[in-house]
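Structural description and commentary
Each chain is listed here by its residues.
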Amino acid sequence: MLLLGIDIGTSSIKVSIVDAASQKTLTSAQYPETESPITSLQLGWAEQSPEMWWQHVQQAIALCNSTQKYNPLDISAIGIAYQMHGLVLVNKDQKLLRDSIIWCDSRAVEIGDKAFDDIGHEKCLSHLLNSPGNFTASKLAWVKKNEPEIYAQIDKIMLPGDFIAMKLSGEITTSISALSEGVFFDFLNNRLSKDIIDYYGFSESLFPPIHPVFSNHGGLLGSIAEKLGLKAGIPIAYKSGDQPNNALSLNVLNPGEVAATAGTSGVIYGVSDELTYDPQSRVNTFAHVNYTEQQKSLGVLLCINGTGSLYRWTKNLFGSAVSYTQMNELANKAPLGSDGLRILPFGNGAERMLNNELIGVHFHHIDLNLHTQAHIFRAVQEGIACAFRYGVDIMRENGMNPTVIRAGKANLFLSDLFTQTFVNATGIPVELYKNDGSVGAALGAGIGAGIFSSPAEAFIHMHPVQLIEPTSNLFEPVYQEWKDLLGKHLSIAKETHLHTAVN
């Protein structure tokens, strides 16, 4: 039995084919080779075309099939992972009404902040485990307020993975995990949040039927199966946001276990069995993939919007003639601390861990006679590692104290320098694995389709390929200086807000 996993990333779509018996990946494909565009019509806005995702999904599946390493008719289940928090809107004919307002779009911050104040901080945090903030519910409220002609046509609201599942099966479903990541779910009452729905004036009819994450979310349509070379009727047996799915792919399912990613965004994701929340909503709590009313398994998520996206931007401006591998090699030639060059990596939308401030990327202490391309590449990696440390300290404030972090050997974790800097900055060892999001989605499909008797069975062959442990505390002065610079920029941002409010 073969499993097909789809990972709908911001930069590209990745598809993997996994043999269920051995859990070995037979082939993977990514489409497109260049990064997918993000439309930004105004400062802080970010949109993508769901139809673009669908076209890229089909291309990636075709690329996998073209390898002839397997028989596509042996695929027995499909799993989908997707970029979280995006808003997709369709009418009663399942036609798109607008491009998706994606995760790093900041337009709804003020709407969510006002809802937090009006509904009440204690009520939001105890029931939703989050501020409405800039999540999907607030983005939908923005559409209702600013695009009423579009809002009036909505039949169903979806997240990005729901849209791809709809294109594959013709069916629209959601899950408690998905509703919680949109801040639509009331954990205390175990239902759609009446507070959010009543406050924003939403109809419950906008929400699809709720299914478990590991379950049948629709069978593959005959017309689509023929187009993709697959069997009609095979189930979409798993749908999850990319960060819960990344945790699944690393077998992070039990309380106290922690996963990390450093792709377009950077994330630390820890599992808890308590209805916990950060009073400032700097880290966020969602239902994990194995959440049930009886087993309240929760994911505590810290997000840094711009990690891989900053490295890509840096490459485009300072390293267009070199590969990412060469960038990492050059970065290793600069000394620890980059000879005083400090970079704040916050230029991809409002940062939740900075109380939804949008402060931008900042380069500090550039010396035109000293700093080279290598210094810039290293300082970017060190700045991102500092941002992770800042976030890990917030998680520690909230009672999560990881003793080891699991990560896929991908994206920035391909850089030995970044990985060691991350470990030295946080003081936490890292285990690296070969699994990625598309492989996790495939294994999730095996769990949802009952091909594996339990999640544990899906990971019996998974072992770390590398363990990286702290080597010194020499990075601590670099971090403290970086933290002081961040504090100054946050003070400026708050003063600007106060000045704007007064005027």
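Details of the structure are given in the entry above.
Throughout what follows, the structure given in this document is the object of discussion. (Residues numbered from 1 in each chain as written. Predicted model: local features only at pLDDT ≥ 70, side-chain atom pairs only at ≥ 80, totals over all residues. Heavy atoms only, no water.)

With eight of eight residues buried, strand β5 (residues 75-82) is to be regarded as a mostly interior element. As paired elements, strand β1 (residues 2-8) and β5 share seven bridges and run parallel to each other. From the neighbouring strand, isoleucine 6 faces β5, where its bridge partner is isoleucine 80. Examined bridge by bridge, β5 and strand β11 (residues 236-241) share five bridges and lie parallel to one another. Bridge pairing in β11 places alanine 81 opposite serine 240. (Buried < 20%, exposed > 50% of the residue type's maximum accessible area, 1.4 Å probe, protein only. Helix = DSSP H or I, 4+ residues; strand = E, 2+ residues; numbered from the N terminus. Pairing = 2+ DSSP bridges.)

Our next topic: the sheet that holds β11. With respect to topology, five strands assemble into an open sheet ordered β3-β2-β1-β5-β11, the strand pairing being mixed. Both edges of this open sheet fall to β3 (25-31) and β11, since each of them pairs with a single strand only. Shown here is a sheet whose adjacent strand axes are inclined to one another by a mean of 15 degrees, direction ignored. Set on the sheet, helix α10 (residues 242-249) makes contact with β1, β5 and β11; between it and β11 the angle comes to about 110 degrees. Those strands touched by helix α15 (residues 437-448) are β1, β2 (13-19), β3, β5 and β11, and its axis lies near 130 degrees from that of β1. (Axes fitted to C-alpha atoms, helices over the stretch in contact; angles between N-to-C directions. Contact = heavy atoms within 4.5 Å.)

With an omega of -5 degrees, the peptide bond running from tyrosine 31 to proline 32 counts as cis. Looking at where proline 32 falls in the secondary structure, it is placed in the loop between β3 and β4 (47-48). Of note in this structure, glutamine 23 is not a glycine but carries a positive phi near 60 degrees. On the secondary structure map, glutamine 23 appears in the loop between β2 and β3. Judged by relative accessible area, glutamine 23 falls into the buried class, the value being 13%. You will see that asparagine 356, though not glycine, has its phi angle at about 60 degrees, which is positive.

What follows is about α10. Of all eight residues in α10, seven are buried, a share of seventy percent or more. All of the buried residues in α10 are Gln243, Pro244, Asn245, Asn246, Ala247, Leu248 and Ser249. Lining the buried residues of α10 we find β5, β11, β12 (258-262), β13 (266-272), β15 (298-304) and α15. Once α10 ends, the next one or two residues include asparagine 251, with phi positive near 60 degrees.

Residues Trp313, Leu317 and Phe318 make up a contiguous nonpolar surface patch of about 280 Å² in total accessible area. One can find phenylalanine 318 in helix α11 (residues 308-318). (Patch = residues over 30% accessible without salt bridge, like charges linked within 9 Å, V, L, I, M, F, W, Y side chains within 5 Å. Areas by Shrake-Rupley, 256 points an atom, 1.4 Å probe, with all protein chains shown as cover. Salt bridge = Lys/Arg side-chain N within 4 Å of Asp/Glu carboxyl O.)

A few words on the packing of helix α1 (residues 50-66) against helix α6 (residues 160-169). How two helices sit against one another is set out by the angle between their axes and by the gap between those axes. Look at α1 against α6: their axes get within 10 Å of each other, and the N-to-C directions meet at 60 degrees. Classified by the angle their axes make, α1 and α6 are oblique. Handedness of the α1/α6 crossing: right-handed. Of α6, the residues touching α1 (which contributes Pro50, Glu51, Trp53, Trp54 and Val57) are Pro160, Phe163, Ile164, Lys167 and Leu168. Residue composition of the contact of α1 with α6, grouped by class: eight nonpolar, no polar and two charged. (Parallel < 35°, antiparallel > 145°, perpendicular 65-115°, else oblique. Left-handed = near helix turned anticlockwise from the far one by under 90°. Nonpolar A, V, L, I, M, F, W, Y, C, P; charged D, E, K, R; others polar.)

Here the focus is the nonpolar core. Of all hydrophobic cores here, the largest spans 72 residues; its most connected members are Leu89, Leu140, Ile157, Phe184 and Phe202. Of all the elements, α15 adds the most residues to this core, at six residues. Beyond its immediate sequence surroundings of up to four residues, isoleucine 157 is in contact with Leu87, Val88, Leu89, Leu140, Phe184, Leu206, Phe207 and Pro208. Ile268, Ala331, Phe413 and Leu417 belong to the second-largest nonpolar core, a separate cluster that totals 54 residues. (Core = buried A, V, L, I, M, F, W, Y, C linked by side-chain atoms within 4.5 Å.)

Okay, the side chain of serine 193 next. Within the fold, serine 193 resides in the loop between β10 (191-192) and α8 (194-200). The class for serine 193 is buried, based on a relative accessible area of 1%. In this view, serine 193 contacts Leu128, Phe184, Phe185 and Asp186; residues no more than four positions away in its chain are not counted.

Quick look at the packing of aromatic side chains now. The tally for this structure, following the rule as stated, stands at 21 aromatic pairs. Ring centres of tyrosine 199 and tyrosine 200 lie 5.2 Å apart, and the angle between their planes is 65 degrees; on these two criteria the pair is classed as edge-to-face. The class of tyrosine 200 is buried, set by a relative accessible area of 8%. Between the aromatic rings of phenylalanine 346 and tryptophan 482, the centroid separation amounts to 6.1 Å while the plane-to-plane angle is 55 degrees, which identifies the pairing as tilted. Note that phenylalanine 346 is positioned in strand β16 (residues 342-346) and tryptophan 482 in helix α17 (residues 476-502), a separation of 136 residues in sequence. (Phe/Tyr/Trp six-rings, centres within 6.5 Å; stacked < 30°, edge-to-face > 60°.)

In this section: the sheet that holds β12. The strand order β14-β15-β13-β12-β18-β19-β20 describes an open sheet built from seven strands, whose pairing is mixed. Among the strands making up the open sheet, the edge pair consists of β14 (284-287) and β20 (466-468). The average angle at which neighbouring strand axes cross in this sheet is 25 degrees, direction not considered. Of the strand pairs in this sheet, β12 and strand β18 (residues 405-408) are connected by two bridges, and their pairing is parallel. If you follow alanine 259 over to β18, its bridge partner there is arginine 406. Sitting on the sheet, helix α13 (residues 373-397) touches β12, β13 and β15, and the angle it makes with β15 is about 145 degrees.

Moving on: the pattern of salt bridges. Where side chains of opposite charge bring their charged atoms close, a pairing between them can arise. Counting across every chain of the model gives 23 salt bridges. Residue glutamate 382 pairs with arginine 378 through a salt bridge whose shortest N-O separation is 2.9 Å. Of this pair, glutamate 382 and arginine 378 both sit in helix α13, four residues apart, which is roughly one turn of that helix. For glutamate 382, a relative accessible area of 3% translates into the label buried. Using a relative accessible area of 8% as the deciding quantity, one classes arginine 378 as buried. With a shortest N-O distance of 2.9 Å, glutamate 476 and arginine 389 are connected by a salt bridge. Highlighted residues: glutamate 476 in helix α17 and arginine 389 in helix α13, separated in sequence by 87 residues. Judged by its relative accessible area of 29%, glutamate 476 falls in the partly exposed class. Arginine 389 sits in the buried class, given a relative accessible area of 11%. Overlapping salt bridges, with partners in common, bring together Glu47, Arg98, Asp105, Arg107 and Glu147 in one network.

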